[in-house]
Amino acid sequence: MVLTPNPRVVFAKRLGPGSLLIPGEHIVYDASPTIDLDAVPLNGGFLTKTLMLSPEPFLRERMRDLSVQSTLTHAVVGAPVVGTVLVVVLRSEKEGNDTGVNVGDHMSGLSHWEAYTVQPYVEGRADLNAGTYPDWTVDLEAFGLAPVPDPHGAYPWSHYFSVLGGPGLTAFFGFEAYGDAKKGETIYVSSGASGVGSVVIQLAKEKGLRVIASAGSDAKVEYMRSIGADIAFNYKTTPVEAALKEHGPLDIYWDNVGGASIESAIEHARARARFIMCGSISEYSTPPSECYGVKNTSKIFKKRLQIHGLFVGDHVAALAPRFYAEVPALMAQGKMHAREALTEGLENAPEALMKLLQEGGAEELGKPVVVVAKE
Ligand SMILES: NC(=O)c1ccc[n+]([C@@H]2O[C@H](COP(=O)([O-])OP(=O)(O)OC[C@H]3O[C@@H](n4cnc5c(N)ncnc54)[C@H](OP(=O)(O)O)[C@@H]3O)[C@@H](O)[C@H]2O)c1
């Protein structure tokens, strides 16, 4: 019997409403587990090796206090963190047919933050809305893994965490489902250098929109310009209110951050503007009593604004086929660019998540991706 180290990142302690994530306290790297890769029972499933994973904002939400209901089910204390991963299959008891899982297959989706995992075999892919309970909460862990859409590796695997993965799908779904974009209109994208925001900017330019975008550093401002933003500004040095007053009015607002930016967007929206409410990362670690109170909500009806709450999982069945037909083609034509910020080593994953969630966000350009192992 040969035992191989199987390090993991464990969710150790829930975060209260105002708590910032502390690596080593809320999530902990544990190097002690081992695994016998040749003999570990697969129980009808398959064994995977994790190549990459992504620290993402939704992980903070899953670590919230048990009393708080939200879109995603609570993470389990003591269990490995479950997040977006890219894996390769090492052994499988379900090889050899169309729905099977074959040795050497690359798969992406949701799984444990650990080096090796015995995965259950699930016939077909779970619907993101299957297992939904009570009413607006989704059981994320039911989603599992699926083969990567491009098994030949035409793109770097890290792109499956940015343009070709969740952020790209989210941007495409929200823009197509709710944008009603018309050439020449103006969109404002907050957190425009994030995984989601950077794809929104590029989709909007592809549709002939004028794009205003904000992020938290001058390097990100340059990056947003390089992918097509017409007006890009650093919200730490230029208030959103001043920028929208100068460059508005808006036909579409893509909200990744929440808080006071919503008030400015309402103020500078045209009548019948569309608001795509994708995230509120500026408030994920803020107690409700300290969240910004938007003061001009009466202008929502006065201006007949259309406010859309977006959840990526709601649109998979209707829009994923179009996404896979259109977005890789845009990449191949050089009209869509992906950028990831790579960190080496599973042991650095807690720190990478902390940086992403800290006040003002991560400094690195690109979607954070942790490289766990080589092929
Ligand atoms: N609705 C859905 O289905 C769905 C799906 C996926 C993601 N989302 C949401 O989309 C947004 C972007 O996600 P992503 O995965 O693309 O993110 P990401 O690439 O990981 O980037 C997150 C960025 O958020 C900004 N940020 C962090 N803390 C902040 C704070 N306190 N105040 C203001 N900005 C802060 C930072 O950039 P800057 O500060 O430089 O802008 C950071 O780089 C998030 O709100 C996320 O929750 C929603």
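Residues numbered from 1 in each chain as written. Predicted model: local features only at pLDDT ≥ 70, side-chain atom pairs only at ≥ 80, totals over all residues. Heavy atoms only, no water.

Asker: Describe the packing of aromatic side chains, with residues and values.
Answerer: Evaluated as defined, the whole model comprises six aromatic pairs. A centroid spacing of 5.2 Å and a plane angle of 10° characterise the contact between Y188 and Y253, whose relative ring orientation is stacked. Here the residue Y188 occupies a position in strand β10 (residues 186–189), and Y253 occupies one in strand β13 (residues 250–255), the gap between them amounting to 65 residues. In terms of burial, Y188 and Y253 fall into one category: buried. (Phe/Tyr/Trp six-rings, centres within 6.5 Å; stacked < 30°, edge-to-face > 60°. Helix = DSSP H or I, 4+ residues; strand = E, 2+ residues; numbered from the N terminus. Buried < 20%, exposed > 50% of the residue type's maximum accessible area, 1.4 Å probe, protein only.)

Asker: Tell me about the pattern of salt bridges, residues and numbers included.
Answerer: Tallied over the entire structure, the rule returns 15 salt bridges. A salt bridge links E114 to R8; the shortest N-O distance between them is 3.1 Å. Here the residue E114 occupies a position in the loop between β7 (106–112) and β8 (116–119), and R8 occupies one in strand β2 (residues 8–11), the gap between them amounting to 106 residues. Given a relative accessible area of 5%, E114 falls into the buried group. Take R8: its relative accessible area is 23%, and that puts it in the partly exposed class. One salt-bridge network, in which partners are shared between bridges, spans E176, K207, R322 and E326. (Salt bridge = Lys/Arg side-chain N within 4 Å of Asp/Glu carboxyl O.)

Asker: An account of the domain arrangement of the protein chain is requested, with residue identities and associated values reported.
Answerer: When cut into domains, the protein chain gives domain 1 (4–162 + 339–371) and domain 2 (166–312). Using only C-alpha atoms to locate each centre, domain 1 and domain 2 end up separated by 28 Å. With 23 residues of domain 1 at the contact, the number on the domain 2 side is 16 residues. Roughly 1,400 Å² of surface becomes buried between domain 1 and domain 2 when both sides are summed, with 64% attributable to carbon and sulfur atoms. At the junction of domain 1 and domain 2, the tally comes to zero salt bridges. Along the contact surface separating domain 1 from domain 2 lie three residue pairs in polar contact (both at pLDDT 80 or more). Residue composition of the side of domain 1 that touches domain 2, grouped by class: 12 nonpolar, five polar and six charged. (Domains from an automatic or database assignment. Contact = heavy atoms within 4.5 Å. Buried area = accessible area lost by both parts, 1.4 Å probe. Polar contact = N/O pair within 3.5 Å; in protein donor to acceptor, adjacent residues only side chain to side chain. Nonpolar A, V, L, I, M, F, W, Y, C, P; charged D, E, K, R; others polar.)

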